[in-house]
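So the chains spell out like this:
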Amino acid sequence: MAKAQQIFVCQACGAQAHKWAGRCETCGEWNSIVAETAAAAPPKGLGAGKGAKLELVGLAGETTPPPRLVTGIGELDRVAGGGLVEGSALLVGGDPGIGKSTLLLQAVAALAGRGAPCVYISGEEGVDQIRLRARRLGLEKAPLALASATSVRDIVTTLETGTAPKVAVIDSIQTMYLDSLDAAPGTVTQVRGAAQELIRLAKRRGTVMFLVGHVTKEGQIAGPRVLEHMVDTVLYFEGERGHQFRLLRAVKNRFGPANEIGVFQMGDAGLAEVPNPSALLLGNHERPVSGAAVFAGIEGTRPVLVEIQALVAGAPPGSPRRAVVGWDSGRLSMILAVLEARCGLALSAKDVYLNVAGGLKIGEPAADLAVAAALVSSLTDRPLPEGNVVFGEIGLSGEVRPVAQAESRLKEAAKLGFRRAMVPKGTSGAPTGLKIETFDRLIDLVALFAEPPGRRA
Ligand code: TYD
Ligand code: MG
């Protein structure tokens, strides 16, 4: 018998090494390398045997869109690209306690309630715990098939017997193990092996397979990152612990747009959909306050209005603080540098805090102008006009550049009762009732705050 070979695998990125190291050379993660036993001898190449000749086809031809299963939870269906595709595998990642189990239990219970056979298998919680949660969610009547198990062999056998379930949830992939592998559950080898078997089963049976994956900062448990290339869709469930809002974000989707978001609110009766997130993400001010600007953004395919809050404060001697929540800190430094160098504002000695309301994370450069407006508003202690939205990208020379999908941003603003918008020059298509003010240089926006109060309409 061949001697089992020991290899060292990074639990964060899956890279293999022949000796242990404190830091993974591939991804740079510390303390993530764990000894595992190499599965089998490496494949020997093709050898002499001939394979079958493939039939190559042209690009044009008959295609049918994949059949989709609608869960009835609109925000989940939207993120999946308009329902779940039969036989597809979805990975749902997120911090512990964020609500992954709750969301998936709600989804499969809803489907089961409408007659689709669904299975929920938990390796983390006992049947009693799941029943208690279901009762709390008011779902105990749903004809959902439930089990607490961790052996992939048992799970595969169960799911292969009888009618194929429409949807199966595996909560979580880190707790599952293949008895044919000589590694502990949660290691990259096990996670990869277990996922491979479950995904294969999903394709074979046409079952939608949800795999729950934990993300830990310590990298002790295999992060779902090694799984991302194996599954069809990767969803991240995110949110700030102190906030009720939860965002389900499609990071990868073979069957729909990536970056689509679904918005939920965690309450006493589980996760509720938030079909109109703008209303929740906007601050609730009786009158305009300084340091706040409403950004008309796009998340996925949907316009979302969100309040950006800035606080510029005098700093004690020493290096000033820069703290950002919900935006890129490098981008903030850039905006501060442009305001300083191109618009003559003295910001380098000040503490700067920036916050995106509601726990949303914005990645769009289109937020530049709103961030700049919030910063200047806080610095001068003058609020932006009431009922005003802002968007536009800022270049290093201080120019304001046009952004994509301006029309749908403006439409959303008008729909929510905003009456004016500060936008890049060249933006058109403002709906009636919305007055647009265009800028091609950042300094023109800054100049608005220098005017004596009362002069502005
Ligand atoms: P859970 O779905 O167990 O998170 P995950 O599977 O991602 O680890 O969610 C647990 C949290 O959600 C827990 O802190 C309690 C809270 N929660 C509610 O606030 N309301 C509810 O109705 C439920 C079921 C959970
Ligand atoms: Mg859970």
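Residues numbered from 1 in each chain as written. Chains lettered and ligands numbered in written order. Predicted model: local features only at pLDDT ≥ 70, side-chain atom pairs only at ≥ 80, totals over all residues. Heavy atoms only, no water.

Colleague: Would you take a moment to explain the site of ligand 1 for this structure?
Modeller: Neighbouring ligand 1 are 16 residues; Gly97, Lys100, Ser101, Thr102 and Gly267 lie closest to it. One of the side-chain nitrogen or oxygen atoms of Thr102 is found 2.5 Å away from an oxygen atom of ligand 1. Take Asp268: an N or O atom from its main chain is 3.1 Å from an oxygen atom of ligand 1. Against a free-state accessible area of 560 Å², the protein chains account for coverage of 75% of ligand 1. At the level of secondary structure, the elements contributing two or more residues to the shell around ligand 1 comprise α2 (100-113), α3 (127-136) and β13 (261-267). (Near = heavy atom within 4 Å. Polar contact = N/O pair within 3.5 Å; in protein donor to acceptor, adjacent residues only side chain to side chain. Areas by Shrake-Rupley, 256 points an atom, 1.4 Å probe, with all protein chains shown as cover. Helix = DSSP H or I, 4+ residues; strand = E, 2+ residues; numbered from the N terminus.)

Colleague: Honestly, the pairing of strand β15 (residues 292-299) in this entry has me stumped. Any pointers?
Modeller: Residues in a regular strand project their side chains so that they alternate between the two faces of the sheet. β15 sits mainly inside the fold: eight of its eight residues count as buried. The alternating pattern of β15 places Ala292, Val294, Ala296 and Ile298 on one face and Ala293, Phe295, Gly297 and Glu299 on the opposite face, and all of these are buried. Inspection of the sheet shows β15 paired to strand β16 (residues 302-314) by eight bridges, in the antiparallel sense. Note on β16: the bridge partner recorded for Gly297 is Val304. The turn joining β15 and β16, which pair antiparallel and follow one another in sequence, is formed by two residues; a positive phi near 70° is taken by Gly300. Looking at chain direction, β15 and strand β19 (residues 388-390) are connected through two bridges and run parallel. Bridged to Val294 within β19 is Val389. (Buried < 20%, exposed > 50% of the residue type's maximum accessible area, 1.4 Å probe, protein only. Pairing = 2+ DSSP bridges.)

Colleague: What is the right way to look at the sheet that holds strand β23 (residues 435-439) in this model?
Modeller: Within a sheet, each strand pairs with its neighbour through backbone hydrogen bonds, oriented either parallel or antiparallel. An order of β17-β18-β16-β15-β19-β22-β23 is seen for the seven strands of this open sheet, with the pairing classed as mixed. Edge strands, defined here as strands with exactly one partner in the open sheet, are β17 (322-325) and β23. Ignoring strand direction, the axes of neighbouring strands in this sheet form an average angle of 25°. Bridge count for β16 against strand β18 (residues 350-356) is seven bridges, and the pairing is antiparallel. Along β18, the bridge assignment pairs Gln309 with Asn355. Running at roughly 120° to β23, helix α10 (residues 442-450) makes contact with β22 (420-424) and β23 of the sheet. (Axes fitted to C-alpha atoms, helices over the stretch in contact; angles between N-to-C directions. Contact = heavy atoms within 4.5 Å.)

Colleague: What's the story with the domain arrangement of the protein in this structure? I'm lost.
Modeller: One frequently used descriptor of interface size is the decrease in accessible area upon assembly of the parts. For the protein, the domain assignment lists domain 1 (4-38), domain 2 (69-275) and domain 3 (280-456). Using only C-alpha atoms to locate each centre, domain 2 and domain 3 end up separated by 38 Å. Listed as interface residues are 16 residues of domain 2 and, on the opposing side, ten residues of domain 3. Taking both partners together, domain 2 and domain 3 bury about 1,100 Å²; carbon and sulfur atoms supply 54% of that area. When the buried area of domain 2 at its contact with domain 3 is split by residue, Glu240, Phe245 and Ile261 rank highest and sum to 36% of it. The interface formed by domain 2 and domain 3 holds two salt bridges in total. Summed over the shared surface of domain 2 and domain 3, the result is four residue pairs in polar contact (both at pLDDT 80 or more). (Domains from an automatic or database assignment. Buried area = accessible area lost by both parts, 1.4 Å probe. Salt bridge = Lys/Arg side-chain N within 4 Å of Asp/Glu carboxyl O.)

Colleague: Before we go on, may I ask you to explain helix α9 (residues 406-415) in this structure?
Modeller: Within an α-helix, residues lying three or four positions from one another point in the same direction, as the helix has 3.6 residues per turn. For α9, the full list of buried residues reads Ala406, Arg409, Leu410, Glu412 and Ala413. Projected down its long axis, α9 shows its buried positions confined to an angular sector of 160°, all on one face. Among the exposed residues of α9, those pointing more than 90 degrees away from its buried face are Glu407, Lys411 and Lys415. Buried residues in α9 make contact with α6 (277-281), β15, β16, β19, β22 and β23. Just past α9, the residue Gly417 takes up positive phi, approximately 90°. (Arc of directions from axis to C-beta.)

Colleague: Please clarify how the sheet that holds strand β2 (residues 16-17) should be interpreted in this entry.
Modeller: Sheet architecture is open: three strands sit in the order β2-β1-β3, paired in antiparallel fashion. Each having just a single partner strand, β2 and β3 (33-37) make up the two edges of the open sheet. Inspection of the sheet shows strand β1 (residues 6-10) paired to β2 by two bridges, in the antiparallel sense. If you follow Val9 over to β2, its bridge partner there is Gln16.

Colleague: What exactly am I supposed to notice about the pattern of salt bridges here?
Modeller: Two side chains with opposite charge may pair up if their charged atoms get near one another. As enumerated under the stated definition, the model contains 19 salt bridges in all. The salt bridge involving Arg78 is made with Glu75; its shortest N-O contact spans 3.8 Å. Of this pair, Arg78 and Glu75 are both found in helix α1 (residues 74-80), three residues apart, which corresponds to roughly one turn of the helix. The exposure class of Glu75 is buried, given its relative accessible area of 4%. The salt bridge partner of Arg204 is Glu160, with a shortest N-O separation of 2.5 Å. Taken together, the residues Arg204 in helix α5 (residues 188-205) and Glu160 in helix α4 (residues 152-160) connect sequence positions 44 residues apart. On the basis of relative accessible area, Glu160 is assigned to the partly exposed category, the value being 35%. Counted as one network, the salt bridges with shared partners bring together Glu75, Arg78, Glu260 and Arg302.

Colleague: How do you make sense of the packing of helix α7 (residues 329-343) against α10 when you look at a structure like this?
Modeller: When two helices pack together, you describe them by how their axes are tilted relative to each other and by the distance separating the axes. Orientation of α7 relative to α10, taken along the N-to-C sense of each, is 85°, at an axis distance of 10 Å. Judged by the angle between their axes, α7 and α10 are roughly perpendicular. From α7, Val338, Leu339, Arg342 and Cys343 reach across to α10, where they touch Leu442, Ile443 and Val446. The class makeup of the residues in the contact of α7 with α10 is six nonpolar, no polar and one charged. (Parallel < 35°, antiparallel > 145°, perpendicular 65-115°, else oblique. Nonpolar A, V, L, I, M, F, W, Y, C, P; charged D, E, K, R; others polar.)

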